[in-house]
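Observations on the model geometry
Each chain, written out:
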Amino acid sequence: MKLLITGFEPFANSQINPSEEVVHALAEKEIEGVELLTLILPVERFAGPDTLIRTYISAQPDVVLSLGEAGGVTAVTIERVAINLLDFSISDNGGHLVTDKPIVADGPSAYFATLPTRQMVNTLTEVGIPAQLSYSAGTFLCNQVMYEMLHYVHKHQMKTPAGFVHLPQLPQQTAGKRPPLPSMSLDVMVAGVTAVIHTITQWFTANRLVQS
Ligand code: PCA
């Protein structure tokens, strides 16, 4: 299974993004049954989704899994829904502050993730890593990238499963914050995303077997 996994560059006032760190760490690992393609996306309303879609077209992965940072979350957060809305509360790294606009003017209101989201949460729980399902990926770049990926696959009548996982901040990002903010260590996040990839691989293989 060829898996395209993406993270994001740092944004806002941060020097580091856990999703980028996790993707870099995974690039060094062997995961059985998986050919891993890694990509870091700019936090910019045009270049972010463009970079993902261009790489998707040229690399032709079987599955796309995108990761991003969500300050304040206490667990690995599996996103179920992407909505057709740009409503930034901060500027992206290109200085754009977009509010009240659709991502795709005539696009559907929302897309559901096409990955086994419930199984992903269950696996994380089994391996002892806090996890939750989420019904909003926000209205910034993470939601946009998830929406645009699912929209592209849908528009071109392709079958590539795709979805999004939000990660907590790293301890070094939250140290000294008052009131204290939740964080998770890089090792735990890497173990969590690895477990998620195993689950996706098993699910993907089982589905292909059923189809053939
Ligand atoms: N998190 C932001 C954008 C980039 C990232 O890592 C978000 O949740 O939209």
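The structure reproduced in this document is the subject of the present report.

Rules used throughout
Every chain begins its residue count from 1, and numbering advances along the sequence as written. The predicted nature of this model means local features are confined to residues of pLDDT at least 70 and side-chain atom pairs, given and counted, to a pLDDT of 80 or more, with totals for whole chains, interfaces and linings taken over all residues. As a convention, hydrogens and water are excluded, and side-chain values are obtained from all of the structure's heavy atoms. The way it works is that DSSP assigns letters per residue, a run of H or I at least four long becomes a helix, a run of E at least two long becomes a strand, and they are numbered from the N terminus. Here the globule rule reads 2.2 Å times residues to the power 0.38, and the radius of gyration is calculated from C-alpha atoms. Only protein chains enter the accessibility calculation, which uses a 1.4 Å probe; a residue whose area is less than 20% of its type maximum is buried, one above 50% is exposed, and one in between is partly exposed. Using a 1.4 Å probe, the Shrake-Rupley method yields the accessible areas, and only the shown protein chains count as cover for residues. Counted as positive: Lys and Arg. Counted as negative: Asp and Glu, with His and the chain ends omitted from the count. Charged side chains are reduced to one point each, which is NZ for Lys, CZ for Arg, CG for Asp and CD for Glu. For this analysis, residues touch if any pair of their heavy atoms sits within 4.5 Å. Nitrogen and oxygen atoms within 3.5 Å of one another constitute a polar contact, given that in protein one can donate a hydrogen and the other can accept it, and given that sequence-neighbouring residues count only through two side-chain atoms. Strand pairing is defined by DSSP finding a minimum of two bridges between the two strands. To define axes, lines are fitted to C-alpha atoms, for helices over the stretch in contact only, and angles between the resulting N-to-C directions are given on a 0 to 180 degree scale. Note on ring pairs: Phe, Tyr and Trp rings are taken, using the six-membered ring of Trp, and paired if centres are within 6.5 Å. Classes follow the plane angle, with under 30 degrees stacked, over 60 edge-to-face and the rest tilted. Being near a molecule or strand, for a residue, means having at least one of its heavy atoms within 4 Å of it. Site definitions follow a grid-based scheme: protein atoms alone, a 1 Å grid, a 1.4 Å probe that fits but cannot get out for cavities, and for pockets an open set with protein on both sides within 12 Å along at least five of seven lines, plus lining residues having an atom within 4 Å of a point. More than half of a molecule's atoms lying within 2 Å of a cavity's or pocket's grid points is what places that molecule inside it. Nonpolar residues are Ala, Val, Leu, Ile, Met, Phe, Trp, Tyr, Cys and Pro. Charged residues are Asp, Glu, Lys and Arg, and all others, Gly as well, are polar.

The subject of this paragraph is the overall build of the protein. When helices and strands are counted, the protein shows 6 helices and 8 strands. Reading the secondary structure of the protein in the N-to-C direction produces β-α-β-α-β-β-β-β-α-β-α-β-α-α. For the protein, the C-alpha radius of gyration of 16 Å lies close to 17 Å, the compact-globule estimate for 212 residues. Across its three principal directions, the C-alpha atoms of the protein cover 55 × 40 × 30 Å. Counting only residues that meet the buried cut, the protein has 50% of its 212 residues in that class. Element-wise, carbon and sulfur atoms account for 52% of the exposed surface of the protein, whose accessible area totals about 10,000 Å². One way to put it: in the protein the 12 positive side-chain charges average out to a point 6 Å from where the 19 negative ones average out.

Next up on the list: the environment of Gln169. Assignment of secondary structure puts Gln169 in the loop between strand E8 (162-167) and helix H5 (171-174). Using a relative accessible area of 12% as the deciding quantity, one classes Gln169 as buried. Put simply, Gln169 and Phe46 are 123 residues apart on the chain and 25 Å apart in space, counted from C-alpha to C-alpha. Not counting chain neighbours up to four residues away, the residues in contact with Gln169 comprise Pro18, Glu69, Ala70, Gly71, Thr174, Leu181, Pro182, Ser183, Met184 and Met189. A polar contact is formed between the side chain of Gln169 and the side chain of Glu69, at a distance of 2.8 Å.

With mixed pairing, the 6 strands of this open sheet are ordered in space as E2-E1-E3-E8-E4-E7. Of all the strands in the sheet, the pair left with one neighbour each is strand E2 (35-41) and strand E7 (131-134). Recorded for the sheet is a direction-independent mean angle of 25 degrees between the axes of neighbouring strands. Where strand E1 (residues 2-8) and strand E3 (residues 63-69) come together, 4 bridges link them in parallel fashion. From the neighbouring strand, Thr6 faces E3, where its bridge partner is Ser66.

Turning next to the packing of aromatic side chains. The way to describe two aromatic rings as a pair is by their centre distance and the angle between their planes. Inspection of every chain in the model, using the stated rule, returns 4 aromatic pairs. Between Phe11 and Phe140, the ring centres sit 6.0 Å apart and the planes meet at 50 degrees, which makes this aromatic pair tilted. Highlighted residues: Phe11 in the loop between E1 and helix H1 (18-27) and Phe140 in the loop between E7 and helix H4 (141-155), separated in sequence by 129 residues. Under the relative-accessibility criterion, Phe11 is labelled buried at 18%. Classification of Phe140 by relative accessible area gives buried; the value is 17%. Their ring planes at 85 degrees and their centres at 4.7 Å tell us that Phe88 and Phe140 sit as a pair that is edge-to-face. Taken together, the positions of Phe88 in the loop between strand E5 (81-83) and strand E6 (110-112) and Phe140 in the loop between E7 and H4 put the pair 52 residues apart, joining distant regions of the chain. The buried category is assigned to Phe88, whose relative accessible area is 4%. Members of the aromatic cluster, joined through ring pairs, are Phe11, Phe88 and Phe140.

Another point: the site of the ligand. In the neighbourhood of the ligand, the contacting residues comprise Phe8, Phe11, Asn17, Val43, Gly68, Glu69, Phe140, Leu141, Cys142 and His166. Between the ligand and Asn17, the relevant distance is 2.9 Å, taken from an oxygen atom to a side-chain nitrogen or oxygen of the residue. Here an oxygen atom of the ligand sits 2.9 Å away from a polar atom, N or O, in the main chain of Cys142. A total of 260 Å² of accessible area belongs to the ligand in isolation, and the protein chains cover 93% of it. In this structure the site holding the ligand corresponds to the largest pocket. For the shell around the ligand, the secondary structure elements donating two or more residues are E3 and H4. Residue classes in the shell around the ligand are distributed as 6 nonpolar, 3 polar and 1 charged.

By themselves, these figures tell us nothing about what the structure is for.
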